[in-house]
Amino acid sequence: MPRGEPPPYLAAALVAAFVWLCYILTLAPTVTFWDAGEFIAATRILGIPHPPGTPLFVLIAHVWAMLIPIGEYAFRTNLLSALMSALGAGCFFLVAHESLRPLGAGLPATRAGAFQLGGALAAAAAGAFTFTNWQNSNETEVYAVATFSIAAMAWLCHVWRARRGTPRANRILLVIIYLAGLSISNHLLALLVGPAVVAFLASTIHLAPAASAPERRREWATVALVGGVWALLIGGGLGSTSLTIVGALCFLAAAAFAATAGVFPFGLALLAVALVGMTPYLYLYIRAGQSPMLNEAAPATWDALLAVLRRAQYPVRTPLDDPTVLHGPDNPGRSLAIIRLQLENYLLYFDWQWGKALAAVGPATSVPRLMSTILFLVLGIRGSAAQRRLDRSAWWLLLMLFLVTGLGLVAYMNFRPGASQGYDLFPGFEQHEVRERDYFFVVSFVVWGLWAGIGLATIARKLLDRPRRAWRLAAAGVLALGAVPLVCNWKAATRKGPDARLAADFAYDLLNSVPPYGILFVYGDNDTFPVWWAQEVEGIRQDVTVVCLALANTDWYIRQLREMPTRRFDASRAPAIWRDAPAVPPTIPVHTMTDAEIAASFDPSVIVALGRPGFTFNFGPFTQSYPPNTFPPPNEIVSMRIVQQNIGHRPIVWASTTGRTFSGLGRYVLMRGIGFELQSAPTDSSLDARRTGSLGGPPVDIEITQRLAWDTYRYAGLLGDNVGELDVTSAMIARTLAGPFTELANAADQRGDSTAIIRNLDRAFHLSPNPALGAALDAMRRRHLLPDTGTAR
């Protein structure tokens, strides 16, 4: 920006306000699936979510939620994501506005100003309303804060260029480095702006070198220092010793160069500011020592904190590995087939960005969506070429940002084939990612949206050269195409559909499948995290002890289970089915495994010694045998100890989401709603009239399942008409909730109650429509001369 000409901050604020309003109108009203439940719970109680802990996000969101007492707690934290992403759109508006300044030359001043504002608005809108960025912006996630950090640093680069040669310029660089250090404690995605920042600085001083040789040397030394500090931050952010050493060497080399140029003190200042930025990680160390209810990886020691930074909890996967095979000497290496699928996944995600609502949910595209994608592909290429001509430094900034956060992440992250593709080559579900990973590449999509908006501006500029007013209106119409993603993604990006409260209701249903003071086994993100939210934020059924089987493969979690306090059963807040149930608080911990026993569960020598001859494990009234050369994983060992110590004292329930292994105790469980409760003797559907055989599973307790399914559970908006197609996660949960109704219909069939059959099948079909169920329901209606509602269609 020319000195003396203020940036259009008011216009940027209005753009941010408009984007925020659109996000709010599509905002999730409560908790969503995947990580959001964990983040909201951690925010509420100042806990510690999964590695790397995201302490900055937890602290910001906790303060925000206290200051904004609007709606339920989850809505407030969702509102924060929307705000941060909208502020990022405002910063990107300023970046695009600056690049379009030369394009407005030759127009009258007022028309040039309007053109720049309109072009920057088109660019900001195209980037802000890309599908993935929109989805990140209307739920509680760390990516909105990361996107804002990147956008802020990108704009600060332009501020540095405008202040170059003044004392203020170095202060701007200090702010950029501080934001970089700070961003590590939110999400490492923001650190990926580093190469883009260095490219912008280097390009600026190369294209417009300082007048004197000493000043040129000082500027190049300053750029080297910024690059050296960034390399050090990357090593520190990843907790990698080798990368930290490389980063330290880069910084030392830059510092030596800076010493010869007379800017060594500034290098020390950059390093100090970066380290200060990283200080939110001390929160993890301090808070973990206070044992909050949510304390993932328990980083209360320096070794544990370093393990969090290194993400030691997760399996190793290098960029050279075949991601479908565990890392190790037997890994065959990354193949061309894997690389092809990874690139296809990226292209699929790119296709989603510009008109996701123009095709059905899923990987398939449609002609309208394909046309939208081709349009924005061409516009992005045109806009990138135009920016390279108009503002070479800003082009380098966005180009490096696009490459690093796009193809660079494809290469580095080395994901397994996506959840919706590649089953012809990799048929096993475990060979695929458990969900689509488009959110990792979100910044590359936003950058392409900015380029597409600049491309629209170049077309509009040509039209403005024509003399008639109609051409000016046509130019405005061209710029309005920047709103295509806003219009064509709204339906797909909104979280206010019939499943808006599904995660919240599913958590409520799971917890209330358990009698007072029961133990509930859950497994993964979509049953564990919403349940944590329900207990820690909403106070729902805190008396239930939740055991996450996935985390029970870690020693720190098994120790935490042992120390976990039992909280009081509040009958006044419980559903009617449990209000008068026996509620005797347990007097013993959920298990009493010693630290030595926990360590033995992870000791290969102990496991091998147990597994080689085969052995039998006795716990309570149960026996579990293992054939030679097999052994139980840690989560199965702790599950058996929990059963051993609690059977007869506390109800023990497996959520239906945990599968059907039940630690080998399948013949002892009884289905009750969406839970399977352990009995002290083998279950038999013929024991009394309240039980029946299930459809391929354990016997069903008809009375309890009836009360849970019809009187207790909540189903979001899935029982209404015209629900439409749900996303993959919501559809899976809806099928889970439909299960009890199909079992009740089976029980009604066994006793010949046609009215109950139809009633239960109808409810199951509303939750999880499928042709077979619909056909069965319509057949039953016709058989009993009831109106044909066309359910199967």
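Residue numbers here run from 1 along each chain, matching the order of that chain's written sequence. Given that this is a predicted model, residues contribute local features only at a pLDDT of at least 70 and side-chain atom pairs are listed and counted only at 80 or more, while totals for whole chains, interfaces and linings are drawn from all residues. Hydrogens are left out, water is left out, and the side-chain values use all remaining heavy atoms of the structure.

Caption draft 1: Representation of the overall build of the protein in the model. Numbering of helices and strands runs from the N terminus; a helix is a DSSP stretch of H or I covering at least four residues, while a strand is a stretch of E covering at least two. A count of helical and extended segments in the protein gives 32 helices and nine strands. Only C-alpha atoms enter the radius of gyration, while the globule expectation follows 2.2 Å times N to the 0.38, with N the number of residues. For 793 residues, the compact-globule formula gives about 28 Å, and the C-alpha radius of gyration of the protein, at 29 Å, lands near that figure. For the protein, the spread of C-alpha atoms along the principal axes amounts to about 95 × 65 × 50 Å. Here the protein holds 793 residues, and 57% of them are scored as buried. Of the contacts formed within the protein by residues at least 6 apart in sequence, a portion of 72% connects residues at least 24 apart. Only the protein chains shown count as cover for residues, and the accessible areas themselves come from Shrake-Rupley with a 1.4 Å probe. About 32,100 Å² of surface is accessible on the protein, with carbon and sulfur atoms providing 63% of the total. When charges are counted, neither His nor the chain ends are considered; positive counts come from Lys and Arg and negative counts from Asp and Glu. By convention, charge coordinates are those of NZ in Lys, CZ in Arg, CG in Asp, or CD in Glu. In the protein, which carries 63 positive and 54 negative side-chain charges, the distance between the mean positions of the two groups comes to 12 Å. Exposure classes here rest on a 1.4 Å probe applied to the protein chains alone. A residue is buried below 20% of its type maximum, exposed above 50%, and partly exposed in between. In what follows, residue pairs with any heavy atoms lying within 4.5 Å of each other are defined as contacts.

Caption draft 2: Helix 15 (residues 336-352), seen in detail. Helix span, expected: 1.5 Å multiplied by one less than the number of residues in the helix. Taking 1.5 Å as the rise per residue, helix 15 with 17 residues should run 24 Å; its terminal C-alpha atoms sit 24 Å apart, in good agreement. Every buried residue of helix 15 is accounted for by Ile338, Leu341, Gln342, Asn345, Tyr346, Leu348, Tyr349, Phe350, Asp351 and Trp352. Residues of helix 15 that are buried sit in contact with helix 6 (131-137), helix 16 (367-390), helix 17 (392-405), helix 18 (407-413), helix 19 (442-464) and helix 21 (484-493).

Caption draft 3: Spatial organisation of the pairing of strand 1 (residues 519-522). Burial along strand 1 is two-sided: Ile519 and Phe521 facing one way and Leu520 and Val522 facing the other are all buried. Crossovers are described as right-handed under a simple rule: with the strands pointing away from the observer, the path leading from the first strand over the helix to the second runs clockwise. Handedness of the crossover is the feature at issue here: the chain leaves strand 1, passes through helix 23 (residues 525-536), returns alongside strand 2 (residues 545-548), and the resulting connection is right-handed. Here three bridges tie strand 1 to strand 5 (residues 652-655), and the two strands are oriented parallel to one another. Looking at strand 5, one finds that isoleucine 519 is bridged to isoleucine 652. A pair of strands counts as paired when DSSP detects no fewer than two bridges linking them.

Caption draft 4: Focus on the pattern of salt bridges. Salt bridge, as used here, is a side-chain nitrogen of Lys or Arg placed within 4 Å of a carboxyl oxygen of Asp or Glu. Counted under the stated rule, the structure contains 21 salt bridges. Between glutamate 98 and arginine 101 there is a salt bridge, with the nearest N and O atoms lying 3.2 Å from each other. For the pair formed by glutamate 98 and arginine 101, the shared burial category is buried. Measuring nitrogen to oxygen at the nearest pair gives 2.9 Å for the salt bridge that ties arginine 541 to aspartate 543. Each member of the pair, arginine 541 together with aspartate 543, is buried. Among the ionic contacts, a cluster of salt bridges with common partners joins Arg317, Arg416, Glu433 and Arg437.

Caption draft 5: Just the nonpolar core, in detail. In this text, buried Ala, Val, Leu, Ile, Met, Phe, Trp, Tyr and Cys residues form a nonpolar core when linked through side-chain atoms within 4.5 Å. Counting residues in hydrophobic clusters, the biggest one holds 241 residues, and the most contacted among them are Trp230 and Leu678. Among the elements that line this core, the one with the most residues is helix 4 (residues 73-100), at 17 residues. The residues contacting tryptophan 230, other than those within four sequence positions of it, are Met153, Ile176, Ile177, Ala180, Leu191, Val193, Gly194 and Val197.

Caption draft 6: Representation of the packing of helix 16 against helix 17 within the structure. Two elements in contact, helix 16 and helix 17, have axes whose closest approach is 6 Å; the angle formed by their N-to-C orientations is 140°. What the angle tells us is that helix 16 and helix 17 run oblique. Touching Ser384, Gln387, Arg388 and Leu390 of helix 16 are Arg392, Ala394, Trp395 and Leu398, all from helix 17. Partitioned by chemical class, the residues of the contact of helix 16 with helix 17 number four nonpolar, two polar and two charged. Inter-axis angles, ranging from 0 to 180 degrees, are taken between N-to-C directions of lines fitted to C-alpha atoms, where helices are fitted over the stretch in contact. Orientation categories follow fixed angle ranges, with anything under 35 degrees roughly parallel, anything over 145 roughly antiparallel, 65 to 115 roughly perpendicular, and all other angles oblique. As a working rule, the residues Ala, Val, Leu, Ile, Met, Phe, Trp, Tyr, Cys and Pro are called nonpolar, Asp, Glu, Lys and Arg charged, and the rest polar, with Gly in that last group.

Just distances and angles here, no functional claims.
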